[in-house]
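# Close look at the chain arrangement
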Amino acid sequence: MEGHPSTFVSMLDEVCRRYPDREAVVTYDGKMSRKSLTFTELWNLASKYAHVLRQAGVKKGDYVVVSTPLSLEFWVASFGVLLAGGVHISMEKLFSTSDIIVQTVNLSQAKFLILSNDEGSEMWEIFKHAAKLDPVNRFIASVRMRAMPSLTTLLLTNRHAADDVTFLERLADYRGEYQDRSVGPADGAVVGTSMHPDTVARPKLCEVSHGALTAQARVLDKAVPCGEKKKSV
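Fair warning: this is a prediction, and the values are worked out from it, not measured in the lab.

Attention now moves to the sheet that holds strand S9 (residues 188-195). Here we have eight strands laid out as an open sheet, ordered S6-S7-S8-S5-S3-S4-S9-S10, and mixed in their pairing. Looking at the sheet topology across the chains shown, the edges are occupied by strand S6 (131-133) and strand S10 (203-209). Pairwise comparison of adjacent strand axes, ignoring direction, gives a mean angle of 25° for this sheet. Alignment of strand S3 (residues 63-66) against strand S4 (residues 87-90), held across four bridges, turns out to be parallel.

This is the structure in structure tokens:
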């Protein structure tokens, strides 16, 4: 990518401007039903979600745990965290047990956790009895749990209709966009989660800056250019 964007957000912005109508994310559900978002759709939804996050209290450098299953909602939420200036902590399905969530939140001192509140969601089962839904903002629930004293806010991403409206449908109608333009290459972008090899059920966290993330993306782009068209055989 030419110009060497200094943050992952500026890199995403550049790609969205170059290929606005190209598919950015494609997902399949258990019934192999295909869903996708173009780069323009992804950017628009993520910038709206960044505004939601700022309204919920997320500030530059805040750690935000994202436990939403891999889906369109996951990618919108993840890029929304970066646009809001937050640091994204992804919890893979393998690690999303109660003990691992508790330890990850406590290690990072995260105040915010994004999760699916669909009926039957394993993550929602952990929090639903302590959550207090915001009567006005349907994206947010407050929470207080002795096991995770730093956690104050849950952000809800239902994929199935609640009151006939899904998370993405509600977000599409949301008025307000945000991008924290003060974020620089030295600021944290993501935190990788892995299991400590010497202990049982102990997560290990590793923070990666925007500069390091964009450098890695440039290496991958040289190997598989984003703009390269398929050659006819």
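On we go from here.
Counted under the stated rule, the structure contains seven salt bridges. The partner of Arg17 in a salt bridge is Asp13, with the nearest N and O atoms 3.0 Å apart. Here Arg17 and its partner Asp13 are both found in helix H1 (residues 8-18), four residues apart, which amounts to about one turn of the helix. Residue class for Arg17 comes out exposed when judged on its relative accessible area of 65%. For Asp13, a relative accessible area of 17% puts it in the buried group. Salt-bridge contacts for Asp62 lead to Lys59; the nearest nitrogen and oxygen are separated by 3.9 Å. For Lys59, a relative accessible area of 45% corresponds to the partly exposed category.

Right, let's talk about the packing of aromatic side chains for a bit. Summed over the entire model, instances satisfying the criterion amount to six aromatic pairs. Seen in terms of ring centroids, Phe8 and Phe79 are 6.1 Å apart; in terms of plane orientation they differ by 5°. Their pairing is stacked. Of the two residues, Phe8 is situated in helix H1 and Phe79 in helix H3 (residues 72-83); the sequence distance between them amounts to 71 residues. Note on Phe79: relative accessible area 13%, which makes it buried. Here a set of aromatic residues connected by ring pairs shows up, and it is made of Phe8, Phe74, Trp75 and Phe79. Over the face of the ring belonging to Tyr19 we find Arg22, whose NZ or CZ atom lies 4.2 Å from the ring centre.

What follows is about the side chain of Asp62. As for its position among the elements, Asp62 is in the loop between helix H2 (39-56) and S3. At 2.8 Å, the side chain of Asp62 forms a polar contact with the backbone nitrogen of Lys59.

Compared with an ideal rise of 1.5 Å per residue, which puts 12 residues at 16 Å, H3 spans 17 Å between its outermost C-alpha atoms and is within 8% of the ideal. When you tally the buried positions in H3, you get 11 out of 12 residues, the bulk of the element. Those residues of H3 not exposed but buried are Leu72, Glu73, Phe74, Val76, Ala77, Ser78, Phe79, Gly80, Val81, Leu82 and Leu83. In the stretch just after H3, Gly85 is the one whose phi turns positive, near 90°.

Calculation rules
- Residues numbered from 1 in each chain as written.
- Predicted model: local features only at pLDDT ≥ 70, side-chain atom pairs only at ≥ 80, totals over all residues.
- Heavy atoms only, no water.
- Pairing = 2+ DSSP bridges.
- Helix = DSSP H or I, 4+ residues; strand = E, 2+ residues; numbered from the N terminus.
- Axes fitted to C-alpha atoms, helices over the stretch in contact; angles between N-to-C directions.
- Salt bridge = Lys/Arg side-chain N within 4 Å of Asp/Glu carboxyl O.
- Buried < 20%, exposed > 50% of the residue type's maximum accessible area, 1.4 Å probe, protein only.
- Phe/Tyr/Trp six-rings, centres within 6.5 Å; stacked < 30°, edge-to-face > 60°.
- Lys NZ or Arg CZ within 6 Å of the ring centre and 35° of its normal.
- Polar contact = N/O pair within 3.5 Å; in protein donor to acceptor, adjacent residues only side chain to side chain.
- Expected span 1.5 Å × (residues − 1).

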